Amino acid sequence: MKRNRRSIIKSLAAAGALTAMRAEELLAQTQTAPVNVLFVALAHGWGVAGGSNQQIAPDASQFGWAFPAGLSPFNRVRQHCTVVDGLMTMFHGGNAHDLSYADMLTCGVPMGVESSAYDSHMPMSTTPSIDWLLQQRAGKQAFRFSAGYYSWGVPYHPLSFSSNATLQPFYTSAAAAKASLFSGAQASTVDQRIAQGVFGLVKAPTFAGALSATEQAKITQYVAGMTAAEQKFAAAVTSVNLTAPAVAGQSSMTDIAAYLEMIRAGFASGKTDTAVLGIGDVHNIDKFHETHAHFNTATYWQTRNDFAEKIAAFVESLAETPSGDGSLLDNTIIVLTGEVGDGTHTLFKKGHILFGGARINPGRWVQPALVPSSGWAAMTRENVNGGMSATINPGFFGPGLDKVSSRTNADLLREVGNLAGLNLTQFGLASQNKGSVLS
Amino acid sequence: MLFAAKCNGCHVDQNNGQFNAGFRAFNVNGFTNATAYAATTPEMLAAFIQAAMAPRAAGGGCTTDPTCAPNLAAYLWSYKLPVSITQCGPADAPKSKLRRLTDKQIQLTVPAIFGPLPAETVWPNFNDGAKLIGGNTMADRLLVTDLGAEMVYSAMRPIAQAIIATNQEWAACGASTSVTCRATLQAAYAKQVWRRPLTVAENTALTASHSSAANNSEALETMLTALLTDARFLFRSEIGVNGRLTNYEIATLLAYSAWNSTPSPAVLAWAAQPNPLVKSQIVAQLETMLADPRTTAAIRELYKDFTKIDLVLTRPKSDALAFTPSIRRDLLTSAELGLDDSINGEDDFMSVFQGGAFYVNANTSAIFGADETAPELRKIYLPPGERNGLLNHPAFMATHSTSSTSGIVKRGVFTNEQILCRFLGTPPPGAATSDPDPITVDPALTSERVLLQLTHSAKMPCAGCHFQIDPAGFGFENFDVIGRYRTVEKGVVPIDASGSLDGVGSYANSADYAQMLIWSLPMRDCVAQRFLSTLVAEELPATSCLVTDYQDALEAAKTPKDLLRAMINDNFTTRSAM
């Protein structure tokens, strides 16, 4: 006898194999609906693991834990949350921030590379970012936003890259994003005719000399951009009501709420399945880096609290947005990360916070095993030539290094990608695939 | 080291195999480099040392000791190897590139072709962002992404409409029912927009783009939007054919270097000759172009990109400072006017950074410590010894500070990496997690300089970098977060802006420090390196053959315009494949 999914879940719940809440969540999860994924990169991380001085408060059971005071808004949505405490990312000496920006969502920055043509302090990835893979699978453009996610070297850090290491563009103001993504203007016949004439010409530029591969890539990207623009200007745009203001000139802090609202609307309307949000020094703190980088200060935790409040509200808004048999949250995975794990540059055991439906089996505090120093060499990553570094330099992070996780950032992103419909056996650099994190 | 006391101001040994400032001068193989050291005998080298080194040596050099230069020359000559320096060849040439126009270049180019547009015109904003270290116009950073493509089209269509509304030729054709005028305008303007004649196929395709328009106005709007949205407008080609730039590419490179704008019809006509342009023709054309007032603005952009003073408009500042948008705008304009004076005054290209004259108005008077009441910016002279040129200008100081403090470390890092081209490298082991030492003094009665030293810089491993960073920042301590001159901080704590920096020398205060930087060979070489990188749109390391050649050419150069003249060498038209 063929049983449907709902009856299987109900019978498991009746037999005590699933908690009532878990069964409810699984029932709400619509198998046919696309899985939306949002990645949030926060400057200086969420402070949930590594060298943080505010630790998760556990009780005896895996599910009995609470966020520390600095992340207290998350406690009210804890039932939708899985904490990963934490993951190995990079270990190379150098400015941990600069090395990590392009690695956060790619896990593809080779060992020993510290600069690129883009910036003298920031290496680029050799592999695509997870959001780009999801975008390609869905055939829908990802929403990519930056709320002042920058450091002293460049004004905005790119987080997303294609398979040929081309950085993916992102909006830097909510007003521009709203105008581009949610304007309701309907092209007139004249508009369409002009667009047709213009895009018909500009998609085939020619140059007198032979272009090298790098220069051809610029034109390829240009043509791809024009093709996307053509589709946009030729199509009728669905107007969506947005509740958060997105006004030119408003602060980046206000922009965060507007971005999150656009992401909710984008997921709800099916305009996109994937989003990336970078959040930087939107509190305009003097000596931001010094205040946040070397100590878990009160300022650090005050800002984390502000951001946690916004994310918690976003989770609640998804939970309140109907979708299929359940809510939008049921078919969404939110991954909170950062270029470093906390104020002390943690890269060996970087904490991640996930929100979502049953796919992530929420409510857990996942603590991958730590690797003893004898195993550190096996945790290294490839250099540009594919060779492996001999070992980790413990001196870079000072004495007491005992926090190298046995699972990596790549492991988590690979699993999240697969939960969202990809079929990855490997993600990022080959060395970074160690095993499962969530299962 | 011979004459160490006299020469160490510039030729200091870094104990790491390098001699700051002295590296080139001590490269004895460089003696055969005809441009700078045309020395074929020790006597010629002695004469060069006497002439070239003495003026730079504050309190040292060979100015007073007649045996100094000959002895030094003999010493160096003894190390001369029987090897001649390889001159830059085709393989060293800049790489073939497509260079997307900057926002500023688009804003200058379109009116140069079509005439003035309304002040309210909204120009494309590629949101490229400003790089703090290096140039903002590097070809590999300026791209057209998906969002950029959408933005370009959205911006260019209204601009096309504005051209049709304001340019008489286009307006007349737009109102006409004759299709002939479309072809006339296309023939006249398309080659200006794309900076070269269109091929037959390109002309046909352009005509086809607007052939289904309902009327002339719509056809012209389509044609103009297509021309201005096209990659052949947005990207300047420096690709070349068979390793050599075409005549039109040369004309375009000259125009954007000298004018930051498109080649005029006359320059395009000059490029139309069938034979490849030769160096003498290019030099002559550049001289003609340098007489155009647009050159001042183009060179000004080089200096602005080097100092990053545009960022004064957007740097976050504490609300308590009341550093309003209008003050920021006036400070930037003040700096621009000062730059223009120096550029037009044919000052030495390094002297552009110095001077006691500043443009001040009522809005900015308090920041300058002046008593100007006029709303318009007027040139005044401030007391010597307090504020010295662009490196002490509030636009520069406010750009390089934190939101509420002077930012010794920020200023020190910028000076090292951008002004002196000294890459600081990565933090040493342990630096990342190094907690500050507890404060044992009263912060309210202790200078930021001392606090930095006590809590951070003096301890290991931080000292490794801060030994180099801090002295480069101390020298700006006479200026606060928005560039106000000060002798005390926190109300009562005296400012100490003195110090000593390798390769630059000792300084007593901020004005002195600026002067020492300007006189230093490291900054002079770095200016050459940065400016050449901007002109070729490619980050060039100090060891690049192109940089060395350029620096040598600038040894004889004087004025800011010489920065442009120096780029035309025997390899100017050569391009190497990537």
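All values derive from a computational prediction rather than experimental measurement.

Cut-offs and rules
- Residues numbered from 1 in each chain as written.
- Chains lettered and ligands numbered in written order.
- Predicted model: local features only at pLDDT ≥ 70, side-chain atom pairs only at ≥ 80, totals over all residues.
- Heavy atoms only, no water.
- Helix = DSSP H or I, 4+ residues; strand = E, 2+ residues; numbered from the N terminus.
- Buried < 20%, exposed > 50% of the residue type's maximum accessible area, 1.4 Å probe, protein only.
- Areas by Shrake-Rupley, 256 points an atom, 1.4 Å probe, with all protein chains shown as cover.
- Contact = heavy atoms within 4.5 Å.
- Disulfide = S-S within 2.5 Å.
- Phe/Tyr/Trp six-rings, centres within 6.5 Å; stacked < 30°, edge-to-face > 60°.
- Pairing = 2+ DSSP bridges.
- 1 Å grid on protein atoms, 1.4 Å probe; cavity = no way out; pocket = protein on both sides within 12 Å on 5 of 7 lines; lining within 4 Å.
- Points joined across faces, edges and corners; volume = space filled by probe spheres on them.
- Nonpolar A, V, L, I, M, F, W, Y, C, P; charged D, E, K, R; others polar.
- Core = buried A, V, L, I, M, F, W, Y, C linked by side-chain atoms within 4.5 Å.
- Expected span 1.5 Å × (residues − 1).
- Polar contact = N/O pair within 3.5 Å; in protein donor to acceptor, adjacent residues only side chain to side chain.
- Salt bridge = Lys/Arg side-chain N within 4 Å of Asp/Glu carboxyl O.

## Here we look at the overall build of chain B
Each helix and strand counted, chain B has 24 helices and eight strands in total. Within chain B, buried positions represent 58% of all 578 residues. Surface accessibility of chain B: about 22300 Å² in total, with carbon and sulfur atoms responsible for 58%.

## Let's talk about the overall build of chain A
A count of helices and strands for chain A gives 11 helices and 11 strands. A burial count over chain A gives 61% of its 439 residues as buried. Expressed as a percentage of contacts within chain A between residues at least 6 apart in sequence, the contacts between residues at least 24 apart total 72%. Element-wise, carbon and sulfur atoms account for 55% of the exposed surface of chain A, whose accessible area totals about 15800 Å².

## With respect to the state of the cysteines
All names here are of chain B. This structure, assessed with the given rule, holds two disulfides over all chains. Between the sulfur atoms of Cys-173 and its disulfide partner Cys-181 the distance amounts to 2.0 Å. On the sign convention where negative is left-handed, the bridge of Cys-173 and Cys-181, at about 75° about the S-S bond, is right-handed. Relative accessible area serves as the criterion here: at 3%, Cys-173 is assigned to the buried category. Bridging Cys-421 to Cys-526, the disulfide has an S-S length of 1.9 Å.

## A few points about the packing of aromatic side chains
Within a pair of aromatic rings, the relevant descriptors are the distance that separates the centres and the angle that separates the planes. Residues and elements named next belong to chain A. For the structure on display, the rule yields 25 aromatic pairs over all chains. Between Phe-145 and Tyr-259, the aromatic rings sit 4.5 Å apart at their centres with planes inclined by 10°, giving stacked as the arrangement. Of this pair, Phe-145 sits in strand S5 (residues 143-147) while Tyr-259 sits in helix H8 (residues 252-269), and the two are 114 residues apart along the sequence. Among the aromatic residues, those joined into a ring-pair cluster are Trp-46, Trp-65, Phe-67, Phe-74 and Phe-355.

## Thoughts on the sheet that holds strand S9 (residues 332-337) of chain A
Note on sheets: strands pair through backbone hydrogen bonds, and any given pair is parallel or antiparallel. If you trace the seven strands from one edge of the open sheet to the other, you get S5-S6-S1-S9-S10-S4-S11 (chain A), paired in mixed fashion. The sheet terminates laterally at S5 and strand S11 (365-366) of chain A, the two strands that pair on one side only.

## What about the layout of surface pockets?
Here the second largest pocket defines a volume of roughly 1300 Å³. Tyr-171 of chain A together with Asn-125, Leu-147, Gly-148 and Met-151 of chain B are the residues nearest the centre of the second largest pocket, which is lined by 44 residues in total. Of all the secondary-structure elements, those providing two or more residues to the lining of the second largest pocket are helix H5 (174-182), helix H6 (189-202) and helix H7 (213-234) of chain A together with helix H5 (146-166) of chain B. In terms of residue count, H5 of chain B provides more of the lining of the second largest pocket than any other element does, nine residues in total. The class makeup of the residues in the lining of the second largest pocket is 25 nonpolar, 12 polar and seven charged.

## Let's talk about empty space enclosed by the protein
Applying the stated criterion to the full structure yields six cavities of 30 Å³ or more. For the largest cavity, the lining is made up of 13 residues, of which Pro-94, Leu-532, Val-536, Met-567 and Phe-572 of chain B are closest to its centre. Tallied by class, residues from the lining of the largest cavity come to 10 nonpolar, two polar and one charged. In this structure, the second largest cavity occupies an estimated 60 Å³ of space. Forming the walls of the second largest cavity are Arg-144, Phe-145, Ser-146, Tyr-149, His-157, Pro-158, Leu-159, Ser-160, Gln-168, Phe-170, Val-276 and Gly-278 of chain A. The set of elements that each furnish at least two residues to the lining of the second largest cavity consists of S5 and strand S6 (274-279) of chain A. A per-element tally of the lining of the second largest cavity places S5 of chain A first, with three residues. Split into classes, the residues belonging to the lining of the second largest cavity amount to six nonpolar, five polar and one charged.

## Side note on unusual backbone geometry
Residues and elements named next belong to chain A. Note the cis peptide between Asp-85 and Gly-86, where omega equals 0°. When you line up the elements, Gly-86 lands in strand S4 (residues 81-87). A positive phi angle is found at His-44, which is not glycine, with a value near 70°. As for its position among the elements, His-44 is in the loop between strand S1 (36-42) and strand S2 (57-58). Even without being a glycine, Asn-361 presents a positive backbone phi close to 50°. One can find Asn-361 in the loop between strand S10 (350-356) and S11. A residue is classified by how much of its surface remains accessible, and Asn-361, at 23% relative accessible area, is partly exposed.

## As for the environment of Leu-501 of chain B
All names here are of chain B. Its location among the elements puts Leu-501 in strand S7 (residues 499-501). Take Leu-501: its relative accessible area is 4%, and that puts it in the buried class. A C-alpha to C-alpha distance of 9.5 Å links Leu-501 and Met-516, two positions 15 residues apart in sequence. Excluding residues within four positions of it along the chain, Leu-501 makes contact with Leu-420, Arg-422, Gln-468, Pro-471, Ala-472, Tyr-507 and Tyr-513.

## What to know about the nonpolar core
Judged by nonpolar contacts, the single largest core of 88 residues is most densely connected at Tyr-303, Phe-353, Leu-391 and Met-523 of chain B. Looking at this core element by element, the count peaks at eight residues for helix H22 (residues 521-536) of chain B. In this structure, Ala-49, Ile-56, Leu-71 and Met-262 of chain A belong to the second largest nonpolar core, which totals 54 residues.

## Concerning helix H9 (residues 216-229) of chain B
Along its 14 residues, H9 of chain B runs 19 Å from first to last C-alpha, staying within 8% of the 20 Å computed at 1.5 Å per residue. Capping the start of H9 of chain B is the job of one residue whose side-chain oxygen sits 3.2 Å from the backbone nitrogen of Ser-217 of chain B: Asn-215 of chain B.

## Focus: the interface of chain A and chain B
Facing 64 residues of chain A, the contacting portion of chain B comprises 69 residues. Scanning the region where chain A abuts chain B turns up four salt bridges. Across the salt bridge formed by Arg-193 of chain A and Glu-218 of chain B, the nearest N and O atoms sit 2.6 Å from each other. Per-element tally for the side of chain A that touches chain B: the top contributor is H7 of chain A, with 13 residues. Along the lines of polarity and charge, the residues of the side of chain A that touches chain B split into 34 nonpolar, 21 polar and nine charged.

## Concerning the pattern of salt bridges
Residues and elements named next belong to chain B. Scanning all chains against the criterion turns up 42 salt bridges over all chains. Asp-310 is the partner of Lys-304 in a salt bridge, and the nearest nitrogen-oxygen pair spans 3.3 Å. Between Lys-490 and Glu-448 there is a salt bridge, with the nearest N and O atoms lying 3.1 Å from each other. Highlighted residues: Lys-490 in the loop between strand S5 (488-489) and strand S6 (493-494) and Glu-448 in helix H19 (residues 448-457), separated in sequence by 42 residues. With a relative accessible area of 36%, Lys-490 lands in the partly exposed category. Look at the salt bridges and you will find they share partners, linking Glu-301, Lys-304, Asp-310, Arg-329 and Glu-336 into a network.

## Some remarks on helix H10 (residues 298-320) of chain A
Taking 1.5 Å as the rise per residue, H10 of chain A with 23 residues should run 33 Å; its terminal C-alpha atoms sit 33 Å apart, in good agreement. Among the residues making up H10 of chain A, those that are buried are Tyr-300, Trp-301, Thr-303, Arg-304, Phe-307, Ala-308, Ile-311, Ala-312, Phe-314, Val-315 and Leu-318 of chain A.

## Considering the pairing of S9 of chain A
Residues and elements named next belong to chain A. With respect to burial, S9 is a largely interior element, six of its six residues being buried. Taking every second residue as pointing to the same face, both faces of S9 are buried, with Thr-332, Ile-334 and Leu-336 on one and Ile-333, Val-335 and Thr-337 on the other. Bridge count for S1 against S9 is six bridges, and the pairing is parallel. Note on S9: the bridge partner recorded for Val-37 is Ile-333.

## Some points on the side chain of Arg-486 of chain B
All names here are of chain B. Summarising the element assignment, Arg-486 is placed in the loop between helix H20 (463-474) and S5. Arg-486 sits in the buried class, given a relative accessible area of 14%. Side-chain polar atoms of Arg-486 contact the side chain of Ser-406, separated by 3.5 Å. Within the local environment of Arg-486, its side chain forms a polar contact with the backbone oxygen of Glu-477, the two atoms lying 2.9 Å apart.

## Side note on the pairing of S1 of chain A
Residues and elements named next belong to chain A. Across the seven residues of S1, seven count as buried, placing the element largely inside the fold. Residues Asn-36, Leu-38, Val-40 and Leu-42 of S1 are buried on one face, and the alternating residues Val-37, Phe-39 and Ala-41, pointing to the opposite face, are buried as well. Relative to S6, S1 is paired through six bridges, and the arrangement is parallel. Bridge pairing in S6 links Val-40 to Leu-277.

## Here's the deal with the environment of Arg-407 of chain A
Residue and element names in this part refer to chain A. Checked against the element boundaries, Arg-407 lands in the loop between S11 and helix H11 (409-419). On the accessibility criterion, Arg-407 (23% relative accessible area) is partly exposed. Taking the C-alpha atoms as reference points, Arg-407 and Val-384, 23 residues apart in sequence, are found 22 Å from one another. In this view, Arg-407 contacts Leu-87, Met-88, Pro-368, Lys-434, Gly-435, Ser-436 and Val-437; residues no more than four positions away in its chain are not counted. From its side chain, Arg-407 meets the backbone oxygen of Ser-436 in a polar contact 2.8 Å long.

Keep in mind these values describe shape, not function.
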